[in-house]
Amino acid sequence: MTTALRDECSPLQMYSELNPPVAIMAAVPAADMQPAETDNKPRQKSPSSHILASQLASAVSTTMFYPMDTLRIRYMSQDGTIQRQHNGQTYRSIYRAVGVIWKEEGLRALFRGCHVAVLGAVVAWGVYMFVYRKLCEVYNVSSFASRTGMSVVASVTSALLTTPIWLLKTRMQIECRAMGTCGSYSGFFKGFHHMLVTTGVRSLWRGASAQLLLVLPNSLGFPIYDSLKDCINQNIIGISAESCSWVHGRDLTVIEACLCSVVAKVFVVTLSQPFTMLKVRLQDQRWNQGEVRYMTIKQSIPLIIRREGVYGFTRGLASSLLYSVPRGVAYYVLYEKSLQFFSRRV
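Each chain has its residues counted from 1, following the order in which its sequence is written. Side-chain atom pairs in this predicted model are given and counted only at pLDDT of 80 or more, local residue features only at pLDDT of at least 70, and totals for whole chains, interfaces and linings cover all residues. Hydrogens and water are ignored here; the side-chain numbers use all heavy atoms of the structure.

Now for the overall build of the protein chain. For helices the rule is a DSSP run of H or I covering at least 4 residues; for strands it is a run of E covering at least 2, with both sets numbered from the N terminus onward. The helix and strand inventory of the protein chain stands at 15 helices and 0 strands. Relative to its full complement of 346 residues, the protein chain shows a buried share of 47%. Between two residues, a contact is recorded if the distance between any of their heavy atoms is within 4.5 Å. Of the contacts formed within the protein chain by residues at least 6 apart in sequence, a portion of 77% connects residues at least 24 apart. Per-residue and other accessible areas were derived by the Shrake-Rupley procedure at a 1.4 Å probe size, with only the shown protein chains allowed to occlude residues. For the protein chain, the exposed area adds up to about 17700 Å²; of that, 64% sits on carbon and sulfur atoms. Buried residues are those whose accessible area, probed at 1.4 Å on protein chains only, stays under 20% of the maximum for their type, while exposed residues exceed 50% and partly exposed ones sit between those limits.

A few words on the packing of helix 5 (residues 66-77) against helix 13 (residues 254-283). Fitted lines through C-alpha atoms give the axes, limited to the stretch in contact for helices. The angle between two N-to-C directions lies from 0 to 180 degrees. Contact pair helix 5 / helix 13: the axes reach a minimum separation of 8 Å and the direction vectors enclose 80°. Looking at the two axes, helix 5 sits roughly perpendicular to helix 13. Here Arg72, Ile73, Met76 and Ser77 of helix 5 come into contact with helix 13, specifically with Gln273, Thr276, Met277, Val280 and Arg281. Geometric relationships in this document are graded by angle, where less than 35 degrees denotes roughly parallel, more than 145 denotes roughly antiparallel, 65 to 115 denotes roughly perpendicular, and other angles denote oblique.

Here we take up the UniProt feature "transmembrane region" (unreviewed entry) in the protein chain. UniProt positions are given in the numbering used here, feature names are shortened, and annotations may be inferred rather than shown by experiment. According to UniProt, the "transmembrane region" (unreviewed entry) feature falls on residues 109-128 and 148-168. In residues 109-128, helix accounts for 75% and strand for 0%; the two terminal C-alpha atoms are 30 Å from one another. Between the C-alpha atoms that bound residues 148-168 the distance is 29 Å, and the span itself is 100% helix and 0% strand.

What follows concerns a nonpolar patch on the surface. Put simply, a patch holds well-exposed residues, over 30% relative accessible area, that have no salt bridge, with like charges counted together within 9 Å and Val, Leu, Ile, Met, Phe, Trp or Tyr side chains within 5 Å. When a carboxyl oxygen of Asp or Glu is within 4 Å of a side-chain nitrogen of Lys or Arg, the pair counts as a salt bridge. Together, Leu56, Val60 and Met64 make up a nonpolar patch on the protein surface, roughly 250 Å² of accessible area in all. Relative to the elements of secondary structure, Leu56 occurs in helix 4 (residues 47-64). Relative accessible area serves as the criterion here: at 40%, Leu56 is assigned to the partly exposed category.

Under the pairing criterion, centres of Phe, Tyr and Trp rings, with the six-membered ring standing for Trp, must be within 6.5 Å; the plane angle then separates stacked pairs below 30 degrees from edge-to-face pairs above 60, leaving the rest tilted. Enumeration over the complete set of coordinates arrives at 16 aromatic pairs. An angle of 15° between the planes, with centres 5.5 Å apart, marks the rings of Tyr128 and Tyr132 as stacked. With a gap of 4 residues between them, Tyr128 and Tyr132 both fall in helix 7 (residues 114-139), about one helical turn apart. Classification of Tyr132 by relative accessible area gives buried; the value is 0%. Ring plane angle 70° and centroid distance 6.0 Å describe the contact between Phe222 and Tyr225, whose orientation is recorded as edge-to-face. In this pair, Phe222 and Tyr225 both sit in helix 12 (residues 221-237), 3 residues apart, roughly one turn of the helix. Here Arg206 stacks its cationic end above the ring of Trp287, 3.7 Å away from the centre of that ring. Sitting over a ring, as applied to charges here, requires NZ of Lys or CZ of Arg to be within 6 Å of the ring centre and within 35 degrees of the ring normal.

Given a rise of 1.5 Å per residue, 12 residues ought to cover 16 Å, and the 17 Å separating the end C-alpha atoms of helix 5 matches this to within 8%. Across the 12 residues of helix 5, 10 count as buried, placing the element largely inside the fold. In the core, the buried residues of helix 5 are packed alongside helix 4, helix 6 (94-105), helix 7, helix 8 (144-174), helix 13 and helix 15 (317-343). Expected helix span is given by 1.5 Å per residue-to-residue step, counting one fewer step than there are residues.

Take the environment of Tyr335 next. The topology assignment puts Tyr335 in helix 15. Exposure remark for Tyr335: the relative accessible area of 1% places this residue in the buried category. Once the C-alpha coordinates of Tyr335 and Ile51 are considered, the two residues, 284 residues apart in sequence, prove to be 9.6 Å apart.

Our next topic: the nonpolar core. Nonpolar cores are built from buried Ala, Val, Leu, Ile, Met, Phe, Trp, Tyr and Cys residues. Side-chain atoms within 4.5 Å join them into one set. Core analysis: the biggest nonpolar cluster contains 26 residues, and Tyr128, Met129, Tyr132, Phe222, Tyr225, Tyr331 and Tyr335 have the highest contact counts within it. Within the residue set of this core, elements represented by two or more residues are helix 4, helix 7, helix 8, helix 12, helix 13 and helix 15. In this view, Tyr128 contacts Ser151, Ala154, Ser155, Ser158, Phe222 and Pro223; residues no more than four positions away in its chain are not counted. In this structure, Ile174, Ala210, Ile304 and Phe313 belong to the second largest nonpolar core, which totals 14 residues.

And the structure:
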């Protein structure tokens, strides 16, 4: 019976049984018909993984090199006047400065305000990375100019939100036993309470104008790093330009991350040094003591040039490089490794 029915089937019916209709084949998703090689594309990195990686890297790197940060802040705050000396002297060498601080104030003085710095770093990098990566994702930017523009917006947002934290950190680092305000900035809440009671809420943003001047040089850091990363991927590894964006980029090795971070940090630190020194002078709790006073940016710039010359803006550059470059290397290496970890889980 079955044989008889099969014999009665037309050739067209037999062909349709052996070959599914085109409509059925068209219903199969195109993604399922892609070659297996598409599964080998780099895993997409979400903005959340970038934020977590940057916060972890900033917290660890800040703690590791914090003593040198204290030293550079004290260096930049000194202008040769008695009112702004530390330990009864103006620091002339890094080695002697560390020895004097250790002898007269103890090792803990080099870590004064470290917890505030870690808090500031976590908040600042979290805000910056969220805004920067979100903007890069929304507008799908890949050029250096576009990344810099996104970075400027992110830096301004981060600077305005975290200025009170950096103000407290700076004053905790500057304070020493010889100062009349000793103990006023011995803790996080005590320091904020002292500033609010003595100078008011607006004083928490003292130096914000100088902080905003730092936006441009600081905002170049990550675009330079990302661009160097793309150059390594394109020219050395051979990855196409489309695959070198921050979303699909190949993970850097430790040596590659070190190379990119050193170039980026040396450039940024050197360019931003005058603005950093100006910010420290404005945020110093002794800004209005003695005959030399740092009231505003407009008044402070000619004052520094008249008293110390243009070279005065480079005071503390050596200690800044000794702090920022190793910290930058540690940050970017930790950032890359943390990014690999979080991208698999977030």
